[in-house]
Amino acid sequence: GEKPTHPELLDWLAATLVEENWSLKRLHRLIMNSEAYRMSSAHDEAHFAKDGDNRLLWRMNPRRLDVEAWRDSLLAASGGLNGRVGGRPVGEILESARRTLYSTVSRNGDRFRSEDFLRTFDFPAARSSSARRATSTAPQQYLFMLNSRFMNQRARELAARLRKAAPRDDQQIELAYQWLFQRSPDAAEAAIGKAFLKGEDASPSRLELYAQSLLSSEEFRYVE
């Protein structure tokens, strides 16, 4: 295999593990409290030019949300998530507002619509062992975000929330970015949003289309 990028760091961590009486919990706490572990994923042109693969760990690598967390986030952002704890599993999870962990999957070959949806977004097959979840980019994923009844409903609900919270286009754009991305839009993003919402065929449905485009964005699907 390849040589490690930080051999001295690995030696130091190994020595620290021994000194701490082989406590993995203390080692995990040390790593997770470090500045390197808590870095942002912000892009830096100079660092990227020197280390585009981020082997030297100058930033956090953006991480795509698992399908369960992504679906729950869609429901939460649109104001429809049911946070009730406990109860029976749900076979038609796309017709439910319950958290995705309550979706029905089968280990013996039965087919559930919940599982078809989950497998589209890299949920591992329940009938086999999987050491690590794969991350794929497939046309079916984007077709789901563009055309599915589930996404259309989330967009309608988010648009309704925005209309209720703010009367003006610029306020709605600001709120949408705050709710979905925890930041304000930059000047270009705000201008694009305003131009779209005030298009030639301006109508209430344009806000729904705008909401769906934001909900389907890569920024919403990734932890940054």
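The structure contained in this document is the topic of the report that follows. (Residues numbered from 1 in each chain as written. Predicted model: local features only at pLDDT ≥ 70, side-chain atom pairs only at ≥ 80, totals over all residues. Heavy atoms only, no water.)

1. Quick look at the overall build of the protein
Thought 1: A tally of regular secondary structure across the protein gives 11 helices and two strands.
Thought 2: Each helix and strand of the protein, placed in order from N terminus to C terminus, yields the pattern α-α-α-β-α-α-α-α-α-α-α-α-β.
Thought 3: In terms of overall dimensions, the protein is more spread out than a globule: its C-alpha atoms have a radius of gyration of 22 Å, far above the 17 Å expected for 224 residues.
Thought 4: Over its C-alpha atoms, taken along the principal directions, the protein stretches across nearly 65 × 50 × 30 Å.
Thought 5: Buried positions account for 30% of the 224 residues belonging to the protein.
Thought 6: Long-range contacts, defined here as pairs at least 24 residues apart, represent 46% of the contacts in the protein between residues at least 6 apart. (Helix = DSSP H or I, 4+ residues; strand = E, 2+ residues; numbered from the N terminus. Rg over C-alpha atoms; globule rule 2.2 N^0.38 Å. Buried < 20%, exposed > 50% of the residue type's maximum accessible area, 1.4 Å probe, protein only. Contact = heavy atoms within 4.5 Å.)

2. Focus on unusual backbone geometry
Thought 1: In this model, Asn 21 sits at a positive phi of 60 degrees, which is unusual for a non-glycine residue.
Thought 2: Take Asn 21: it is sitting in the loop between α1 (7–19) and α2 (24–32).
Thought 3: Positive phi is not limited to glycine here, since Asp 122 has a value of about 75 degrees.
Thought 4: Looking at the element boundaries, Asp 122 is found in the loop between α5 (113–120) and α6 (139–147).
Thought 5: Judged by its relative accessible area of 14%, Asp 122 falls in the buried class.

3. Thoughts on helix α8 (residues 169–181)
Thought 1: End to end, α8 covers 18 Å across 13 residues, agreeing with the expected 18 Å (1.5 Å per residue, within 8%).
Thought 2: Considered for burial, the residues of α8 that qualify are Gln 172, Ile 173, Ala 176, Tyr 177, Leu 180 and Phe 181. The arc enclosing the buried residues of α8, seen along the axis, measures out at 135 degrees, which places them on a common side.
Thought 3: Of the residues trailing α8, Gln 182 is marked for its positive phi of about 55 degrees. (Expected span 1.5 Å × (residues − 1). Arc of directions from axis to C-beta.)

4. Some points on a nonpolar patch on the surface
Thought 1: Taken together, the side chains of Leu 9, Trp 12 and Leu 30 define a hydrophobic patch exposed on the protein surface, amounting to about 280 Å² of accessible area.
Thought 2: Note on placement: Trp 12 falls in helix α1.
Thought 3: On the accessibility criterion, Trp 12 (47% relative accessible area) is partly exposed. (Patch = residues over 30% accessible without salt bridge, like charges linked within 9 Å, V, L, I, M, F, W, Y side chains within 5 Å. Areas by Shrake-Rupley, 256 points an atom, 1.4 Å probe, with all protein chains shown as cover. Salt bridge = Lys/Arg side-chain N within 4 Å of Asp/Glu carboxyl O.)

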